Amino acid sequence: MDGLDETDLLKVRDEALRVFEAAEVHAGSDYFHMPNAKYYPSLFAWDSGFNAVAMSQIDAERSMRELETLFGRVAPDGHMPHEVLIDCEETRASLSRNLLRRMFRWAYDSNGASRMTDPPIYVFAAEQVYSGTRDAKWLAKIWPGIRRLLDYLIFERDLFDSGLVSIVHPWEAGTDLSPQILSALGIDPAKRADALKATFLVPLLCRHCDRLSWDLKSISAANRFIFEDLTMNSITIRALTSASRLANEAGDPAAAARYDERARAMASALDELLWDDEAGCYFPRFDLAAPRNVRVITAASVLPLFSGLCEPERAARMIEEHVLNPSEFWVDYLIPFNSHRQIAGFRPWSDKKLWAGHCIWANFNWMIAIGLWDHGREAEARKLAARTVEMVARAGFWEYYDSRTGEGRRMRDFTWPGLALDMVDRFFVRA
Ligand code: GLC
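Residues numbered from 1 in each chain as written. Predicted model: local features only at pLDDT ≥ 70, side-chain atom pairs only at ≥ 80, totals over all residues. Heavy atoms only, no water.

**Student:** Pulling in residues and values, what's your account of the overall build of the chain?
**Tutor:** If you tally the helices and strands in the chain, you get 16 helices and 12 strands. Over its C-alpha atoms the chain spans a radius of gyration of 20 Å, differing by no more than 12% from the 22 Å that the globule rule assigns to 431 residues. Across its three principal axes, the chain shows a C-alpha extent of roughly 50 × 50 × 45 Å. Of all 431 residues assigned to the chain, the portion counted as buried reaches 62%. Per element, the accessible surface of the chain, about 16700 Å² overall, is 49% carbon and sulfur. Counting 51 positive and 62 negative side-chain charges, the chain places the centres of these two groups 5 Å from one another. (Helix = DSSP H or I, 4+ residues; strand = E, 2+ residues; numbered from the N terminus. Rg over C-alpha atoms; globule rule 2.2 N^0.38 Å. Buried < 20%, exposed > 50% of the residue type's maximum accessible area, 1.4 Å probe, protein only. Areas by Shrake-Rupley, 256 points an atom, 1.4 Å probe, with all protein chains shown as cover. Lys, Arg positive; Asp, Glu negative; His and termini not counted. Charge placed at Lys NZ, Arg CZ, Asp CG, Glu CD.)

The following block contains the structure:
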């Protein structure tokens, strides 16, 4: 297979089996994988979406159960909690995690469900899993949850009334302290003095939302952090397209047409409000009172490539000017979340903050590779897949990787690198 080392691939497969087994949770009728048993001993929503995709390369039955557990957590109003604390033997938390939870206690309701949500990659995951199993009974079980959560994002989360989804806390983006989010919070990774703010603003924002009982009207009125995020919106557009296909399969053509129309409307809003023609990529927007874009580039700036509805001319510009640009993202180790050019000015403290430093995340590699593939860049998608396999085989399964050396960072035995198996299947085997 073109550029792909078979020994590396076998290593990644073996590691995936080991890491997923160590992260497995059976708790009553719940079945899922923690992203990492030691530090993240919970059901995390978008993580379970990634896990289900990776797991479908190992055992489709288990990926169906993981998604069933997850969609079973959608609240009656459609809110999908970004994390659910589930008390059982496997999730008995480490001391440091318990302390952290105390610090962030404002984020959970009395049942241990986070008041936040996150990007609905799990709907795309459901489409992937369904296309392999074509299990109509399973689809009928998860479908009501999918409908509710998408309606919640479309109707309850359009806080700018713009047709896009807004987030109210950085964790809802999944890219916690990304420089785009930091910038909206008035924090500059290039300034030494801003390190402290980066540490304390996130818990304080939780507290602020909790004081307002996580009520979206009050949070909007306070306007502390209302953010049209690119990861959230690109993934929601893709999720709406997946839902449209699943609705057809579930025998609901009216819903299929509605989701298709919604996906297109959201893609138009993204194009109109977040595209920056001078920069040749997208920038998020914040501030309800005086909306403005954060002109900071990260890999999220090109994530609309993954939305499935990106205009070909814009896709070409993003790919040529950014993704394949050796002074931005197409560097020795692929793909840094922060552009090579921009990060040169950051202070060392940014490396200690999730998503703000020299980091490569397996989920972004996977989504960008799919985006490249969707836009006819098959050779580049394959190269990105092969380089991801190589890095993961060499370093192991880590939370993220150092974009200067390819070495693993922070938590070991983290599940996301299992996505490399899907990349191989998608671009080398099925293609
Ligand atoms: C970190 C990541 C977030 C993920 C969580 C659990 O906070 O930034 O995206 O969901 O860990 O893995």
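**Student:** An account of the pattern of salt bridges is needed here, citing residue identities and associated values.
**Tutor:** Taken as a whole and assessed by the stated rule, the structure comprises 29 salt bridges. The network of salt bridges with common partners includes Asp351, Asp402, Arg404, Glu407 and Arg409. (Salt bridge = Lys/Arg side-chain N within 4 Å of Asp/Glu carboxyl O.)

**Student:** Describe the sheet that holds strand 8 (residues 285-286), listing the residues and the values that go with them.
**Tutor:** A sheet is described by the order of its strands in space; here 3 strands give the open sequence 5-8-9, paired in antiparallel fashion. The sheet is open, and its two edges are formed by strand 5 (227-228) and strand 9 (292-293), each paired on a single side. As paired strands, strand 8 and strand 9 are joined by 2 bridges and run antiparallel to one another. Residue pairing in the sheet places Phe286 in a bridge with Arg292 of strand 9. (Pairing = 2+ DSSP bridges.)

**Student:** Hey, could you go over the site of the ligand for me, with residue numbers and the actual values?
**Tutor:** Surveying the vicinity of the ligand reveals the residues Pro35, Tyr40, Phe44, Trp46, Asp47, Gly174, Asp176, Leu354, Trp355, Phe414 and Trp416. One nitrogen or oxygen atom from the side chain of Tyr40 is found 3.3 Å from an oxygen atom belonging to the ligand. The contact in question runs from an oxygen atom of the ligand to an N or O atom on the side chain of Trp46, over 3.0 Å. Protein contacts shield 93% of the accessible area of the ligand, which totals 310 Å² for the unbound molecule. Considered class by class, the residues forming the shell around the ligand number 8 nonpolar, 1 polar and 2 charged. (Near = heavy atom within 4 Å. Polar contact = N/O pair within 3.5 Å; in protein donor to acceptor, adjacent residues only side chain to side chain. Nonpolar A, V, L, I, M, F, W, Y, C, P; charged D, E, K, R; others polar.)

**Student:** Give me unusual backbone geometry: which residues, what numbers.
**Tutor:** Cis peptide bonds are those with omega within 30 degrees of zero, and the linkage from Leu334 to Ile335 qualifies with -20 degrees. Within the element layout of this structure, Ile335 appears in the loop between helix 12 (312-323) and helix 13 (340-343). Of note in the backbone geometry, Trp214 takes a positive phi value of approximately 55 degrees without being a glycine. With respect to the helices, strands and loops of the structure, Trp214 is situated in the loop between helix 8 (195-211) and helix 9 (216-222). At Trp355, a position not held by glycine, the phi torsion is positive, near 80 degrees. Summarising the element assignment, Trp355 is placed in the loop between helix 13 and strand 10 (359-360).

**Student:** Give a description of helix 11 (residues 253-274) that names residues and reports values.
**Tutor:** The first and last C-alpha atoms of helix 11 sit 31 Å apart over 22 residues, in line with the 32 Å expected at 1.5 Å per residue. Among all positions in helix 11, only Ala255, Ala256, Tyr259, Ala263, Met266, Ala267, Ala269, Leu270, Asp271 and Leu274 are buried. (Expected span 1.5 Å × (residues − 1).)

**Student:** If you had to explain the nonpolar core to someone new, which residues and values would you point to?
**Tutor:** Of all hydrophobic cores here, the largest spans 160 residues; its most connected members are Leu67, Phe71, Ile121, Tyr122, Ile146, Trp366 and Ile368. A total of 10 residues in this core trace back to one element, the largest contributor, which is helix 6 (residues 136-156). Beyond its immediate sequence surroundings of up to four residues, Trp366 is in contact with Phe50, Val53, Ile121, Phe124, Leu419, Asp422, Met423 and Arg426. (Core = buried A, V, L, I, M, F, W, Y, C linked by side-chain atoms within 4.5 Å. Contact = heavy atoms within 4.5 Å.)

**Student:** With reference to specific residues and values, describe the packing of helix 5 (residues 121-133) against helix 6.
**Tutor:** Running from N to C, helix 5 and helix 6 cross one another at 165 degrees; their axes reach a closest spacing of 11 Å. The angle between the axes of helix 5 and helix 6 places the two elements in the roughly antiparallel class. Helix-helix and strand crossings are classified by hand; for helix 5 and helix 6 the assignment is left-handed. From helix 5, Tyr122, Val123, Ala126, Val129 and Tyr130 reach across to helix 6, where they touch Ala136, Trp138, Leu139, Ile142, Ile146, Leu149 and Leu150. Split into classes, the residues belonging to the contact of helix 5 with helix 6 amount to 12 nonpolar, no polar and no charged. (Axes fitted to C-alpha atoms, helices over the stretch in contact; angles between N-to-C directions. Parallel < 35°, antiparallel > 145°, perpendicular 65-115°, else oblique. Left-handed = near helix turned anticlockwise from the far one by under 90°.)

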